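Survey of secondary and tertiary structure
Here's the letter readout for the chains.
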There are 2 protein chains.
Amino acid sequence: MDVFPLPLARIGIIGGGQLGRMMAKAAKRLGCTCVVLDPTPGSPASQVAGHQILGDYHDPSKLRELAEICDVITFDIEDIDTETLAQLEQEGHRFHPSPRVLALIQDKLTQKQAFAAAGIPTAPFVELSEPSPEAFAAFGYPLVQKARRGGYDGRGVSIVKTPEDYDAHLPVPSLLERFVPAAKELAVVVARARDGECRCYPVVEMCFRSGENVLDLLLAPANIPSSVAEAAVDLAVRTVEMLDGVGIFGVELFLTETGELLVNEVAPRTHNSGHHTIEANVTDQFEQHLRAVVGLPLGVTDQLSPAAMINLLGAPGRRGRPIIKGMAEALAIPGVCLHLYGKATSAPFRKMGHVTVLDPDIETAKRKAERVRDLIEISAEDHP
Amino acid sequence: MDVFPLPLARIGIIGGGQLGRMMAKAAKRLGCTCVVLDPTPGSPASQVAGHQILGDYHDPSKLRELAEICDVITFDIEDIDTETLAQLEQEGHRFHPSPRVLALIQDKLTQKQAFAAAGIPTAPFVELSEPSPEAFAAFGYPLVQKARRGGYDGRGVSIVKTPEDYDAHLPVPSLLERFVPAAKELAVVVARARDGECRCYPVVEMCFRSGENVLDLLLAPANIPSSVAEAAVDLAVRTVEMLDGVGIFGVELFLTETGELLVNEVAPRTHNSGHHTIEANVTDQFEQHLRAVVGLPLGVTDQLSPAAMINLLGAPGRRGRPIIKGMAEALAIPGVCLHLYGKATSAPFRKMGHVTVLDPDIETAKRKAERVRDLIEISAEDHP
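Not measured: the values here are computed from a predicted model.

Attention now goes to helix 12 (residues 362–375) of chain B. Residues and elements named next belong to chain B. Across its 14 residues, helix 12 extends 20 Å between first and last C-alpha, which sits within 8% of the 20 Å expected from 1.5 Å per residue. Considered for burial, the residues of helix 12 that qualify are Ala-365, Lys-368, Ala-369, Val-372 and Leu-375. Burial along helix 12 is one-sided: seen end-on, the buried residues are contained in an arc of 120 degrees. Helix 12 presents Arg-367 and Asp-374 as exposed residues on the side facing more than 90 degrees away from its buried surface.

A separate point is the interface of chain A and chain B. Across the boundary between the two partners, chain A contributes 46 residues, which contact 46 residues of chain B. Between chain A and chain B lies a buried interface of about 4,100 Å² when both sides are counted; carbon and sulfur atoms form 63% of it. Applying the counting rule to chain A against chain B returns zero salt bridges. Here chain A is connected to chain B by 25 residue pairs in polar contact (both at pLDDT 80 or more). Broken down by secondary-structure element, the contributors of at least two residues to the side of chain A that touches chain B are strand 1 (3–5), helix 1 (18–29), helix 2 (44–49), strand 17 (322–325), helix 11 (327–331) and strand 18 (336–340) of chain A.

On to the domain arrangement of chain A. Residue and element names in this part refer to chain A. Examined at the domain level, chain A breaks down into domain 1 (10–95), domain 2 (124–177) and domain 3 (182–381). Summarising the inter-unit geometry, the C-alpha centres of domain 1 and domain 3 are found 22 Å apart. A buried area of about 1,800 Å², summed over both sides, lies between domain 1 and domain 3, and 63% of it is on carbon and sulfur atoms. Where domain 1 packs against domain 3, one counts three salt bridges. Between Glu-287 and Arg-29 there is a salt bridge, and its shortest N-O distance comes to 3.0 Å. At the boundary of domain 1 with domain 3, the tally comes to eight residue pairs in polar contact (both at pLDDT 80 or more). The biggest single contributor to the side of domain 1 that touches domain 3 is helix 1, with eight residues. Residues that form the side of domain 1 that touches domain 3 fall into these classes: eleven nonpolar, three polar and five charged.

It is worth spelling out the packing of aromatic side chains at this point. Residue and element names in this part refer to chain A. The tally for this structure, following the rule as stated, stands at four aromatic pairs over all chains. For the pair Phe-136 and Tyr-166, a centre-to-centre distance of 4.9 Å together with 85 degrees between the ring planes defines the contact as edge-to-face. In this pair, Phe-136 sits in helix 7 (residues 133–139) while Tyr-166 sits in the loop between strand 8 (157–160) and strand 9 (174–178), placing the two residues 30 residues apart along the sequence. Clustering of aromatic rings is evident, with ring pairs tying together Phe-136, Tyr-141 and Tyr-166. Looking at Arg-178, its charged tip hangs above the ring of Phe-139, at a distance of 4.2 Å from the centre.

Residues and elements named next belong to chain A. UniProt records the feature "binding site: ATP" (unreviewed entry) for Lys-108, Lys-146, Glu-177, Arg-178, Phe-179, Val-180, Glu-185, Asn-264 and Glu-265 in the present numbering. Among the secondary structure elements, Glu-177 is positioned in strand 9. Contacts of Glu-177, omitting those with residues within four sequence positions, involve Lys-112, Ala-123, Pro-124, Phe-125, Phe-139, Leu-143, Val-144, Lys-146, Phe-254 and Asn-264. Assignment of secondary structure puts Asn-264 in strand 15 (residues 261–267). With near-sequence residues (within four places) excluded, Asn-264 lies in contact with Gln-111, Lys-112, Phe-115, Lys-146, Glu-177, Glu-252, Leu-253 and Phe-254. In terms of polar contacts, Asn-264 uses its side chain to reach the side chain of Lys-146, at 2.7 Å.

Residue and element names in this part refer to chain B. Orientation of helix 5 (residues 99–106) relative to helix 6 (residues 108–117), taken along the N-to-C sense of each, is 100 degrees, at an axis distance of 5 Å. The angle between helix 5 and helix 6 places the two elements in the roughly perpendicular class. Note on element contacts: helix 6 touches helix 5 through Lys-108, Thr-110, Gln-111 and Ala-114, opposite Ala-103, Leu-104, Ile-105 and Gln-106. Considered class by class, the residues forming the contact of helix 5 with helix 6 number four nonpolar, three polar and one charged.

All names here are of chain A. As enumerated under the stated definition, the model contains zero disulfides over all chains in all. Take Cys-200: it sits in no disulfide, and the sulfur closest to it among the cysteines is that of Cys-198, at 6.4 Å. Residue Cys-200 is classed as buried on the basis of its relative accessible area of 16%. Free of any disulfide, Cys-207 has its nearest neighbouring cysteine sulfur in Cys-337, separated by 19 Å. Classification of Cys-207 by relative accessible area gives partly exposed; the value is 24%.

In total, this model carries five cavities of 30 Å³ or more according to the counting rule given. Taken together, 29 residues form the lining of the largest cavity, with A:Arg29, A:Ile278, A:Asp284, B:Arg29 and B:Ile278 sitting closest to its centre. Residue assignment for the lining of the largest cavity shows that the elements contributing at least two residues are helix 1, helix 9 (277–280), helix 10 (285–294) and strand 18 of chain A together with helix 1 (18–29), helix 9 (277–280), helix 10 (285–294) and strand 18 (336–340) of chain B. Among the elements that make up the lining of the largest cavity, the one with the highest residue count is helix 1 of chain B (four residues). Per-class residue counts for the lining of the largest cavity are twelve nonpolar, seven polar and ten charged.

For the pair chain A and chain B, the superposition axis carries a translation of 0.0 Å, the fit reaches an RMSD of 0.0 Å, and the rotation angle comes to 180 degrees. Expressed as a symmetry operation, the mapping of one chain copy onto the other fits a two-fold axis. Interface overlap between copies is the fraction of interface residues in one copy that are interface residues in the other; for chain A against chain B it reaches 100%, indicating a shared surface.

Moving on: unusual backbone geometry. Only a minority of non-glycine residues have a phi that is not negative, and only a minority of peptide bonds are not trans. All names here are of chain A. Leu-6 connects to Pro-7 through a cis peptide bond whose omega is 0 degrees. The topology assignment puts Pro-7 in the loop between strand 1 and strand 2 (10–14). For the bond from Ala-220 to Pro-221, the omega torsion is 0 degrees, close enough to zero to count as cis. Tracing the backbone shows Pro-221 in the loop between strand 13 (215–220) and helix 8 (226–243).

Definitions and limits used
Residues numbered from 1 in each chain as written. Chains lettered and ligands numbered in written order. Predicted model: local features only at pLDDT ≥ 70, side-chain atom pairs only at ≥ 80, totals over all residues. Heavy atoms only, no water. Helix = DSSP H or I, 4+ residues; strand = E, 2+ residues; numbered from the N terminus. Expected span 1.5 Å × (residues − 1). Buried < 20%, exposed > 50% of the residue type's maximum accessible area, 1.4 Å probe, protein only. Arc of directions from axis to C-beta. Contact = heavy atoms within 4.5 Å. Buried area = accessible area lost by both parts, 1.4 Å probe. Salt bridge = Lys/Arg side-chain N within 4 Å of Asp/Glu carboxyl O. Polar contact = N/O pair within 3.5 Å; in protein donor to acceptor, adjacent residues only side chain to side chain. Domains from an automatic or database assignment. Nonpolar A, V, L, I, M, F, W, Y, C, P; charged D, E, K, R; others polar. Phe/Tyr/Trp six-rings, centres within 6.5 Å; stacked < 30°, edge-to-face > 60°. Lys NZ or Arg CZ within 6 Å of the ring centre and 35° of its normal. UniProt positions renumbered as here; feature names shortened; annotations may be inferred. Axes fitted to C-alpha atoms, helices over the stretch in contact; angles between N-to-C directions. Parallel < 35°, antiparallel > 145°, perpendicular 65-115°, else oblique. Disulfide = S-S within 2.5 Å. 1 Å grid on protein atoms, 1.4 Å probe; cavity = no way out; pocket = protein on both sides within 12 Å on 5 of 7 lines; lining within 4 Å. Points joined across faces, edges and corners; volume = space filled by probe spheres on them. Least-squares fit on C-alpha atoms with pLDDT ≥ 70 in both.

As structure tokens, then:
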């Protein structure tokens, strides 16, 4: 018979954003307490966690302070200097995912190299130490240039279709990748327990706004044949097993126009493509992540209702204390579930919240989500 | 087009228990902030709300302090001196439900009188200013004696079946009620918006441990004919409309052995019989309550999966820092959703958490919930 004290575990969360916020809610119902490390006072996660260490994610002394008061440490963000983390891990502090996995993933080149070495299908790529028209031409157009570090929500990615578009390149260490015309972009949220057990959520379909790389609309489950869904799940599990990761991983895939599945990239954390699991699935991704990192059994990932999800982004051209328009009208639509993140300032394209729409019919869910996207605007009191 | 600042509203919660805790989570995702009034530092609700006024629920100065920094005030507990609240309401502070409704309900005699006056079927009763064997005999056995004030979770209720059981009576101002052999005990969670719109959750069935009056197992939906379910919903709505209440109300009913429906009592707050709505329904009772009290449209109450719910009570004979046994084993059962309340001390029969089990088959959900009840024990490090 298992026996735990309450609180069960003290969870350290590096980064105080929305992922940490939703994780903290799950942590509390599982009997855990949370400490958030974030430089912004009153960060979204700290509003729920109740305990924040004010400091930079990269500050070795703050990371040590966090490690020393927590039983297990996990992440709201992935772009953290892993050197200190590795040192702390060596001293016996527990991190999930481990700094090794984080380091491998946060460099998009080593991530792709790991896919290639493990035989995981991914778009052809080359390392690019310094961008030049010649190097681009040698690789061949159309291509995608990806910065090795610091990419997030479309930052650090440039699609360069012709030599004339070369000016759109990123002047940083990067990799060049074959531009793959994708019929669909898919994602699989995979949970892997400490003992290696993997459980996947049903495959979802991500729709992006043309020209941007921020998720515009998510459909769960994806409208794909079951054989493709099974293959995507297999590939996602292979990817996370290859990484030997513990916790939730978001595996993004391309379904090419020729029906091939390619792994695009992996996020070593709870993922935007799993937010709908809060309402739509038996165990949500945040609780699942905590079950994994704390060493509890994984929950079932069955989906109870089709869902569509949209992000609520700060309106362009405005920055300041948030103002929300159309919220009441949106909440009157049956099945609309709103999540605001408690950010003190709205900024252009900043993720301020999300909406999940549940409906027995996924096409209706999609239409409702599009309607909500048109209705709700998060702006700011003042101009920039 | 509706326009709100963020935070949308500052919610005051009188009482810092588990209802306030689950309410605070919902409040945050709707863009509200919360302040809890509770005498215990680090109360369950304050752990999520992040802001607590330390003080007694009955302390007029503390109630005023809360009212002055909040836009709307609501309740985790119902047994509050309503005099101060009524004064504050008169000064323009907003309370939902209103102190008038609270006062009427918290006295079980005036509650029953209101049912009777409105023609809402309820078990026959008489006022009893002072208990005596003669008064009991005059009313006739078997009877139920209910204290007018302070009843909660079976406290303040005594079932006296024969003159020989008279010693079990309560020596307080009370009412005597006909003991009704109930085929089932049902509950309907009703949400009523500021504009009077009512939405009900599907009728649930409450099973109590024999001899105690604490909910042992809840089944959602209840196993009753649809005609009975419709009648129960109608009766629950009539009851809440008669009260002119705003927010969530838990209406408890008896289904008698002769097929009659009687309203037993009403709780003017989110209710133990609605906890499963967190996972099982599109909009949970806590978000629904907030939508109502803040003035947002009500959400849909559709149930996505059958559910069974059990409370996790502190083990008898022990008091102190909680220890939880069997949690990991219980979490391995598919569909088990655990909610711990973060209480610092376990005490005999104290509500320490609850478990909702989702399963496509309600009988399986019930069996799993019973298994979880047998598995999980919340005890304490030290003896009393």
